[in-house]
Structures are given as C-alpha cells and as structure tokens.
Amino acid sequence: MKIYNDKNKVIIDGLKDFEPKHIFECGQCFRWTKENDDSYTIVAFGKILNVKKEENTIYFNNTNIYDFENIWHNYFDLDRDYSRIKEILRKKDNYLDEAVKFGYGIRILNQDPWETIISFIISANNRIPMIKKAIDNLSTYYGEEIGEFNGKKYYSFPTIEKMNSLSVEEIEKASTGYRATYIKDTSYIVFSKQINIYNLKNVDTNMCKSHLMMFPGVGPKVADCIMLFSMQKYDVFPVDVWVQRVMKEFYLNEDMSLPKIRQYGIEKFKELSGFAQQYLFYYARELGIGTSSRRRS
DNA sequence: AGACAGGTAGTGA
DNA sequence: TCACTACCTGTC
C-alpha cells in the first residue's frame, strides 16, 4: 500500500477491502452524495470529502494529508484487517461466503456518536432517501456552512447546543415527522450531560446499550446501530427488516421473534457479529432477499 | 385511495 | 416477556 500526497488530495494505491459503493450503501451512513463520475461526496466531522476508486487506486479528494491522518484514516477504519475478518466469516457457511463476496469492499465507519444517535432515531420506521433528506435538512437549516464542492454547498451536522436550542416545530420542519419530539428530548439529555455519550464506548456492550435505550426514540435496533457505527462495539447484531428477512431465508424458521434472531446472530458470529450483519444486510437489500419484487441491481 | 417503509412507545394481558 | 397498535412523511 502506497500513499501519495498530492495537491488537495491524497491518493492510495493497493488499499484492500475498500469499495466506496459498498461502504456508503450498506446502510451505516446517510450523509453521502453519489456524483456523476460514481465517486461519493461525504460530510463528516465538519469536513467535505470526495472518494473515488479507479482500478486499484483510491482518490481522497478535497482533503490533505493532515486531515487524512487525523480524521479519515480512523473514519474508514484503515487499521483493521478486513481480509482476516472476511476469511473467518466466509468459512462459516455458504451463505456468508456469498454475502461476503458480494459486499467485499465494506468497511464499518467510525462515525461521531452525536450525529449517529440522531441519525438512527430518524431512521426508525423510515426509508433511506427520507432519512438522508431529513439529516440533510437539519444540517442545512441548523448547521454551519463548511464549504463548496462540485458546485454544491455543504453544511455541518448541528451541534448538541444548537439542536437543544431548537423547538419541536423547528425540528419538524426538517421532515423528521413524529421523531421530532424524540430528537428534542434526546438533545436535552445529551446537552445536560445526564448521559455522557462520548464515554459510553468505554463501558461494556450491555451497559452501553441500556444507557442508549434511555434516550427516547432509541430501542434495541437503533441502540445496536449506534454502538456498531460510532462506538466500536462489534459484538452486536442489529436486526431490521432486511436482516430479519435474510436470516429467515438462510437460517431460521418464520416465527422467530426479533430478540431471538438478535441472540442467534450474536451466538453464531460472536465478536464479529457486527461485521457479519453488514455483509448480510447489504446482500439482502441489494438483492431483495425475502421480498417478492427484486430491487435494482 | 390505501399500503408500506431499515422501529419505538404505549397499552394490556 | 409477548402481542397489538398508532405513528410523520412521501412514494408506488
């Protein structure tokens, strides 16, 4: 693997297990735009980054080596050996083998806990385009303008202080629907430090989860997602409708309850549960597993 | 028009 | 524990 520091960009040759489409379209992140050249523009930690893959080369555009090392290296989880994880999972059974081969370039991002908590509260009983829209609206209305890329202005995610200062009506304006009150009340709990969300990653998974579920709008599934995508908890197995479908298709009988499926996943995949879930989710959703109509490829 | 979507909270057994 | 239901919003 070779890193080149170019003007306003960082280029990496030979970075394995890295496919922008897989990373951004596997349901873990909502703040990305797919550009006409198939690159992805994302906003995280108050910065705009454009990622493009060509052959064996990844272009990290609109950034510099300083931000790359301080922000994006960790954001993309570059210190983790995904080849080894994939190898272990593929040996489990033929289904995992297929799913891992399909989503070969998935990496689990290390996102900001605050933004992840609010984003996944919005995700409950909601569709991805709507979730993206609501988060984008919140940022445009109540975040800070952080720059322009490809002729489009970008805004940072609203701070804890800002979100706490908003009325329910103002939050509703961003198309958050009935989740606006959840967001309002959660923001206050975070703002008043009744729960320190930046310390939660340091307690064990069960404790972490029970704390997260004190937030209104955060149930078992949303808590699992928050832990997996922003708190480096990988012994979780978030079960949404797609994971439910794929698990029933591959492993289980029809009448197994959500908590049982979650438990089954954790027992089967152990400390790699979160990774397994991502490969299975991406596979199920892209292929429309368990539904009558197959989705676009 | 009515169902449905990447769940949660509230209620009642 | 478990079953059941309402729920913003936008699209099919």
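Please read these numbers as outputs of a predicted model, since none were measured by experiment. (Residues numbered from 1 in each chain as written. Chains lettered and ligands numbered in written order. Predicted model: local features only at pLDDT ≥ 70, side-chain atom pairs only at ≥ 80, totals over all residues. Heavy atoms only, no water.)

A. Fine view of the overall build of chain A. On a plain count of helices and strands, chain A comes out with 14 helices and eight strands. The C-alpha atoms of chain A give 19 Å as radius of gyration, which agrees with the globular expectation for 297 residues (19 Å, within 12%). For chain A, the C-alpha atoms occupy an extent of roughly 45 × 45 × 40 Å along the three principal directions. Put simply, 66% of the contacts in chain A that link residues at least 6 apart link residues at least 24 apart. Looking at chain A as shown, the accessible area adds up to about 14000 Å², and 47% of this sits on carbon and sulfur atoms. Side-chain charges of chain A comprise 42 positive and 40 negative groups, with the mean position of each set lying 2 Å from the other. (Helix = DSSP H or I, 4+ residues; strand = E, 2+ residues; numbered from the N terminus. Rg over C-alpha atoms; globule rule 2.2 N^0.38 Å. Contact = heavy atoms within 4.5 Å. Areas by Shrake-Rupley, 256 points an atom, 1.4 Å probe, with all protein chains shown as cover. Lys, Arg positive; Asp, Glu negative; His and termini not counted. Charge placed at Lys NZ, Arg CZ, Asp CG, Glu CD.)

B. Seen up close, unusual backbone geometry. The phi angle at Phe45 is positive, at roughly 50°, despite the residue not being glycine. Looking at where Phe45 falls in the secondary structure, it is placed in the loop between strand S4 (40–44) and strand S5 (47–54). Among the residues examined, Phe45 registers a relative accessible area of 43% and is labelled partly exposed. The phi angle at Lys193 is positive, at roughly 60°, despite the residue not being glycine. (Buried < 20%, exposed > 50% of the residue type's maximum accessible area, 1.4 Å probe, protein only.)

C. Structural context of the nonpolar core. Core analysis: the biggest nonpolar cluster contains 70 residues, and Leu89, Leu212, Phe215, Met247 and Phe275 have the highest contact counts within it. When residues of this core are assigned to domains, at least three map to each of domain 2 (113–230) and domain 3 (241–287). Apart from residues lying up to four places away in sequence, Phe215 is in contact with Ile117, Thr186, Ile189, Val190, Ile195 and Ile197. (Core = buried A, V, L, I, M, F, W, Y, C linked by side-chain atoms within 4.5 Å. Domains from an automatic or database assignment.)

That's the geometry; what it means functionally is another story.
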